[in-house]
Each structure stands twice: as C-alpha cells, then as structure tokens.
Amino acid sequence: MPVICPSKEKEINFKMKTVIIDRGEEGKRQTPQLLENASLPDIEAGQVLVEIKACGLSTIRIDLLQELGLHGSKAPLGRDIAGIVTHVGTGVTSCRKGDEVVAVLPLDSPCSGCAEYCVVGEYDLVVKPMRVSFQDAAACIGDAVTAYTALQCMGKMISGDTVFVVNGASSVGSMVVQLAQHWGGKVIATSSSAEETSYLQNIKPQIGQILETDEALKKYAMLNQCLEESGGLGVDCIIDDGVIVFPNEEDDLTLNPARRRQLKTLPTKHEIISALAVGGRWITRQSNLQIDPPDSRLLSLKAASICYLNDTVWTLSCQQQGKYLHILRDIIDKLADGVIRPNITRTVSLEGVCQIYNSLEGQTLGKTIMIRDSP
C-alpha cells in the first residue's frame, strides 16, 4: 500500500507546486506549465520522499519519450535534483530521514525535479556530503554522469590520450574537460564566444588548446588544428555536442534561432572522422547520425569506432545498477574534493522556470538551475 507523508499535518489534502511539460496531442510540443495544486506523490516500498532544494535544468528528450512511449501528453521537467529526505518507505536501507541526497530521476519517473517534492528510488540517489552545496550537486550530477559515461564507459580513455571536446564550456562539455584532465588526458576544446573562451582559459590545469569558431570561415579549421596539436597523428577520443548532418543545415530558416545558433558551433561528421587517430573513438550525441560510404570506409581504414551516447540507459535498466551507483558516488566525491566544479551561469525560482525554459536549447555556456528556498 502507498505511504502518505511527509508529516501528519500535511497528510490530508496536501498539495504542492510542480512544473510539467505539455507535449500537445501529437507529443511534439514543449510548453512548460506550473501546477499550483499538484498531489503529493505516493511512496512505495524501496522509495523515499525528497524535499527538493535545487534542480539542474535541461530540455527534455522528446525523441526518447516517443520511442519509449512514456508520459503521454504531459511530461515531467527536471531530472537532476538535490534535497532532503523527508520520509523513507519500507525496505530502504541506503538513507534515512533528514539525509541530504542527490539523484538523477529515471526517464520513466512520473515526478518532476522542478517541484517542491518528488519520489525517488533508493538506488537512484546517493547521500550528499554536507560540504557540497545543494546547488553545486544539482548542477553537476547529471552532466557528470554523461561525461563519465562518455570518457570511461564508451571512450575507454587512459592517461596520455588526446581528447577533443566540442563546446567545452557547455554544462556537459565542462564536465568532460575536467574529468579528462583529472584522468591524465590532453584536452582540446572548442569555443564559440569570448565568454566561453574566458571560462575555458581559467580552468586549472590549463587546457591544451582552445579552438575558436571562425565566423568568417563559417567553421573552425578543426582538422588542421587537431592534426597540428597531435603531431599529425589525430586525436584518440572525440566527444561531440551533436554534428552537422546535412549540408547547410545551420542555414535552415525553419529551425528556431536557438537551434541555428547551436548548429553554427558544430563540426561536420567528415571533419570529426578525419581528425580521429588510428583506433580513435568518436562518442556522439547525434541520435540520427547517418554515415555515408566514403566516411564509413575512412573509419574502417583507421580502425576507428563510433559510440552513441545515451546516458539515460543507466536508469532504464537495472543490469548494471551497482556500476551506476559507483559512478554517482565517485562523482559526488570528486565534487567534494574540488576535482570537478560546475559552472552555474543562471539561477531561477520554481515559479520562474516556465519563463526561461525555451532559452535552454542551444545554451553553450554553463548550467541553469532551479533553486527553492524553504517556506
């Protein structure tokens, strides 16, 4: 039977604020809505109720929701949360009431991270050290999982590898840069603005090379600069932020302005393949990537490989649950020790999420988070 809490005086007719995404009848729209009187989630065995203090914001993956048939016309918003456990369901042993925790909500979770409360499974969270703030934990956890997955699980990165990061000042890119340097990699990162370049220049230890987008040439000369930096050998691991799939795609006026601006920062797939070293690994976030026969032949000649980065698989399957929990704990330990630091560029209240949501697409500098003060 569900357990209703967090306290006796709130058991009856308890309501909370939450933000959801209205996807429309066809499931393709993304309209944020603030619900003032949403019902408090029920707690099942093996779950805990968390009072949310901060949530990292990003656009939802409509393509994944459609593929998996999740959530219908209403979808939760926000998956990277930090907060305080207010109630513990039966059978939970990993945390207790009053613990400060950080979690990545599964893609099929019915709860929004942009809310006053949410229900979390005990194997989707880790206890947060007191010296780590709620804001830093929420801003870091999801992007660091993505970076960890790309570098270690897919890129098989080792000390001495040359790692090329597209949009290195983005929330995910900055995590990739910091983890790659911590593990002994030589990092090359791209930047599309003076602000991004300034941020990357201030990362310690210093990044090996920062490649700036050249608007006059339409693209940075990625191939030449990567080959020059690697002594003509190419780079061992490339982690993109998407790629140009079709010619002149960034000039398509049917796309929204934010998406067109983002495309102008991305390389073409041929540039990436040409920059790979022998045995190189390309980790891509472009789910609809199409490889033409000439590019496939070039990959074959280099004995190079492509991996598709989908960090949500950790929470869609329990097959490697122990490994996933190890990653979460390692990330929080590295955050506590100062090995990685999020770049929070904007904070909003729960009530302000709807106003800024549409600006999240194409954000290439830092992280936006929702912070909530206790009543």
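Heads up: the structure comes first, above all this text.
Please read all numbers here as calculations on a predicted model, not as lab measurements.

Calculation rules
- Residues numbered from 1 in each chain as written.
- Predicted model: local features only at pLDDT ≥ 70, side-chain atom pairs only at ≥ 80, totals over all residues.
- Heavy atoms only, no water.
- 1 Å grid on protein atoms, 1.4 Å probe; cavity = no way out; pocket = protein on both sides within 12 Å on 5 of 7 lines; lining within 4 Å.
- Points joined across faces, edges and corners; volume = space filled by probe spheres on them.
- Nonpolar A, V, L, I, M, F, W, Y, C, P; charged D, E, K, R; others polar.
- Core = buried A, V, L, I, M, F, W, Y, C linked by side-chain atoms within 4.5 Å.
- Buried < 20%, exposed > 50% of the residue type's maximum accessible area, 1.4 Å probe, protein only.
- Helix = DSSP H or I, 4+ residues; strand = E, 2+ residues; numbered from the N terminus.
- Contact = heavy atoms within 4.5 Å.
- Polar contact = N/O pair within 3.5 Å; in protein donor to acceptor, adjacent residues only side chain to side chain.

Draft legend 1. The arrangement of the layout of surface pockets in detail. Within this model, the second largest pocket holds a volume of roughly 250 Å³. Surrounding the second largest pocket, 16 residues form its lining, Gln 47, Val 119, Val 120, Gly 121 and Asp 124 being those nearest its centre. Its residues assigned to classes, the lining of the second largest pocket comprises eight nonpolar, four polar and four charged.

Draft legend 2. Main features of the nonpolar core. Residues Leu 151, Leu 200, Leu 328, Ile 331 and Ile 340 are the most contacted members of the largest nonpolar core, which totals 51 residues. Taken together, the elements giving at least two residues each to this core come down to strand E6 (100-104), helix H2 (134-154), strand E9 (162-165), helix H3 (171-182), strand E10 (186-191), helix H4 (194-201), strand E12 (235-239) and helix H10 (321-336). For this core, the leading source of residues is H2, giving 13 residues. When sequence neighbours within four positions are dropped, the list of residues in contact with Ile 340 reads Cys 140, Ala 144, Met 175, Gln 178, Leu 179, Ile 331, Lys 334 and Leu 335. Core analysis: the next-biggest nonpolar cluster, separate from the first, contains 44 residues, Ala 103, Val 348, Tyr 357 and Leu 360 among them.

Draft legend 3. Empty space enclosed by the protein, seen in detail. Applying the stated criterion across every chain yields a total of two cavities of 30 Å³ or more. One number sums up the size of the largest cavity: a volume of about 40 Å³. Around the largest cavity, the lining residues are Val 165, Val 166, Ser 170, Val 172, Gly 173, Val 176, Ile 239, Asp 240, Asp 241 and Arg 285. Among the elements that line the lining of the largest cavity, the one with the most residues is H3, at three residues. Here the residues of the lining of the largest cavity sort into five nonpolar, two polar and three charged. Empty space within the second largest cavity amounts to approximately 30 Å³. The wall of the second largest cavity is formed by Ala 139, Asp 143, Ser 171, Ser 174, Met 175, Pro 342, Asn 343, Gly 366 and Lys 367. Every element with two or more residues in the lining of the second largest cavity is listed here: H2 and H3.

Draft legend 4. Spatial organisation of the side chain of Thr 312. Relative to the helices and strands, Thr 312 resides in the loop between strand E14 (305-308) and helix H9 (313-316). Relative accessible area serves as the criterion here: at 4%, Thr 312 is assigned to the buried category. At a separation of 2.5 Å, a polar atom in the side chain of Thr 312 contacts the side chain of Asn 310. Excluding residues within four positions of it along the chain, Thr 312 makes contact with Leu 64, Arg 79 and Leu 107.

Draft legend 5. Looking closely at unusual backbone geometry. That bond from Lys 204 to Pro 205 is cis: its omega, -5°, falls within 30 degrees of zero. Locating Pro 205 in the fold gives a position in the loop between H4 and strand E11 (209-212). With a phi angle near 50°, Lys 156 is a residue other than glycine that sits in the positive phi range. Positive phi is not limited to glycine here, since Ala 303 has a value of about 55°. Within the secondary structure layout, Ala 303 lies in the loop between helix H8 (293-302) and E14.

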